Amino acid sequence: MEFSIAVLSGDGIGPEVTTEGVKALEAVGQAFGHTFNLEYGDVGGISIDRHGTPLTPEVQDLAGSADAVLFGAVGGPKWDDPSASVRPEDGLLQLRAHLGVFANIRPVKVYPNLVESSVLKPEVLEGVDMVVVRELTGGLYYAEPKGRHETPQGWTGVDTMRYSEAEIERVLRVGFELARGRRKKLASIDKANVLECSRLWRMIATRLGDEYPDVELEHVLVDACAMQLVQRPSRFDVIVAENTFGDILTDEAAVLSASMGLLPSASLADVPVEGRKIPGFYEPIHGTAPDIAGQGIANPVASTLSVAMMLRYSLGLTEEAASVERAVDQALDAGHRTPDIAVEGTHRVSTTEMGDLIADAITN
C-alpha cells in the first residue's frame, strides 16, 4: 500500500526525534511492503527564520492533503521575545485548527522495567495504564478576545475561555468510546465550582453519560485530579479534559512513565476506531528541549510511538502499529536507555542508536 506523510520536524530536538520516528516508519515499509511518500516542511521557529511566518500556506496545504502528519516540536529561547508579533507556537495552533483535530489522545503507560527510573515509589505506579483525551481546538488557546493592551492604569492581558455545546460533546464522546473499549471508566475533569465553561462541561458530560450506561462516569475537579495523579494514578482509566487542563495534566502524568520522552500523542478529527482511516496529527508530548538539542541524547521513543499511533488510526495498519510497539518494548526490555531514563546497570545509548535498535527489531 502507498501513503503520503507530511513530516514537520520543527525546532530544538524536534528534527532529531522525528528522524528516528521516520526510521521506524521506513522499517515498517520494508518489513510489510508499504510505500510511505514523505514530504517535508518548515514550521515554528525555523519557518519564522526562513519565511517570516511560523506556518506558510504551502506547508498548511501540505499537511491538509497528506494521509497523516508527523510533527516534532516548536519554540525555543531564540523566539521568546514577548513583544514579537508572531511566535513559533502560532504555527502549531494554526495547524490544529486547519486540520480540525479536536481530540488529542495521550496514552500514559508505565513500563515495568522503567519503574526505577520514575521519581515515584514503585507501589504507586503498579497497574498504571490510562489514556488522557485533551480537547485541542477550543478554550483559552483559541477564543477571542485575546491580547495585551496598555491602559492609563498599566498593561492588561486578556484570554478568553469559551466552549460551545457541540465542541464539548464531541470530545466527551471520544472519551466515552475509548473507555467503552478499555476498563469502562471515564473521569471527566472540570472546575465546575468556579467556571461557567466547566459547569456547561459537567452538564453535557452527565447528559451524554446516559447514552453510555456501561461506562462508569465520574466528575473530578482539576485540582483534585492533579493530586490523585501522583497519589493513586492507577485509579484512572480514561480522562477527558478541556484544552488547558488537559495540557497541564498530561505533562504531570509524564512523570509516571519516568520521562516525557516516552509519551506519544494522536490528534484526530473523529472518534478513533482501530482499522478505520482517520486523517490525524501525530507528535510526542514533549517540547523542543533546547538545553539538549544537538547533543544526540534526546529520547526518540515518544516520536516512534506516535508513528505507531499514526499507523493504527490514520493508515489502518493495526499489525504494523503493533510491530513498532513490540520493537520499543524489545529495546527497553534489553536494557537500552537514553540518558533521561538511564539508571545503573542499563546500557546508555544515543538518540540515533535507540532509533537503530527499534528499526532493527521491526525488520528482524
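As a reminder, the structure under discussion sits directly above these lines.
Conventions adopted
- Residues numbered from 1 in each chain as written.
- Predicted model: local features only at pLDDT ≥ 70, side-chain atom pairs only at ≥ 80, totals over all residues.
- Heavy atoms only, no water.
- Helix = DSSP H or I, 4+ residues; strand = E, 2+ residues; numbered from the N terminus.
- Contact = heavy atoms within 4.5 Å.
- Areas by Shrake-Rupley, 256 points an atom, 1.4 Å probe, with all protein chains shown as cover.
- Pairing = 2+ DSSP bridges.
- Axes fitted to C-alpha atoms, helices over the stretch in contact; angles between N-to-C directions.
- Phe/Tyr/Trp six-rings, centres within 6.5 Å; stacked < 30°, edge-to-face > 60°.
- Buried < 20%, exposed > 50% of the residue type's maximum accessible area, 1.4 Å probe, protein only.
- Parallel < 35°, antiparallel > 145°, perpendicular 65-115°, else oblique.
- Left-handed = near helix turned anticlockwise from the far one by under 90°.
- Nonpolar A, V, L, I, M, F, W, Y, C, P; charged D, E, K, R; others polar.
- Arc of directions from axis to C-beta.

### Things to note about the overall build of the protein
Scanning the protein for helices and strands turns up 12 helices and 14 strands. With the C-alpha coordinates of the protein rotated into their principal frame, the extents come out at 60 × 50 × 40 Å. Excluding contacts between residues fewer than 6 apart, the proportion of contacts in the protein whose partners are at least 24 apart in sequence is 75%. Per element, the accessible surface of the protein, about 15,200 Å² overall, is 52% carbon and sulfur.

### So, the sheet that holds strand S12 (residues 280-282)
What the 10 strands build is an open sheet, ordered S2-S1-S3-S12-S11-S4-S5-S10-S8-S9; its pairing is mixed. At either margin of the open sheet sits one strand with a lone partner, and together these are strand S2 (35-40) and strand S9 (216-221). Neighbour to neighbour, the strand axes of the sheet diverge by 25° on average, direction disregarded. Strands strand S1 (2-10), S2, strand S3 (68-73), strand S4 (103-109), strand S11 (266-268) and S12 of the sheet are contacted by helix H10 (residues 301-313), whose axis makes an angle of about 165° with S12.

### Thoughts on the packing of aromatic side chains
Tallied over the entire structure, the rule returns 4 aromatic pairs. Taking the centre distance of 5.8 Å and the plane angle of 20° together, the rings of Phe 3 and Phe 36 count as stacked. In this pair, Phe 3 is assigned in strand S1 and Phe 36 in strand S2, connecting sequence segments 33 residues apart. Phe 36 gets classed as buried once you look at its relative accessible area, which sits at 12%.

### Considerations on the packing of helix H8 (residues 222-231) against helix H9 (residues 243-253)
The angle between the axes and the distance between the axes are what describe a pair of packed helices. Running from N to C, H8 and H9 cross one another at 15°; their axes reach a closest spacing of 10 Å. As judged from the angle between their axes, H8 and H9 are roughly parallel. By crossing handedness, the relation of H8 to H9 is classed as right-handed. Here Val 222, Cys 225, Ala 226, Leu 229 and Val 230 of H8 lie close against H9, whose contacting residues are Phe 245, Leu 249 and Glu 252. A breakdown of the residues in the contact of H8 with H9 according to their chemical character gives 7 nonpolar, no polar and 1 charged.

### Quick notes on H8
Taken together, the buried positions of H8 are Val 222, Cys 225, Gln 228 and Leu 229. The arc that holds the buried residues of H8, viewed along the axis, is 115°, so those residues lie on one side. Each element contacted by the buried residues of H8 is listed here: strand S5 (129-135), strand S8 (185-190), S9, strand S10 (238-241) and H9.

Purely geometric numbers; function is a separate question.
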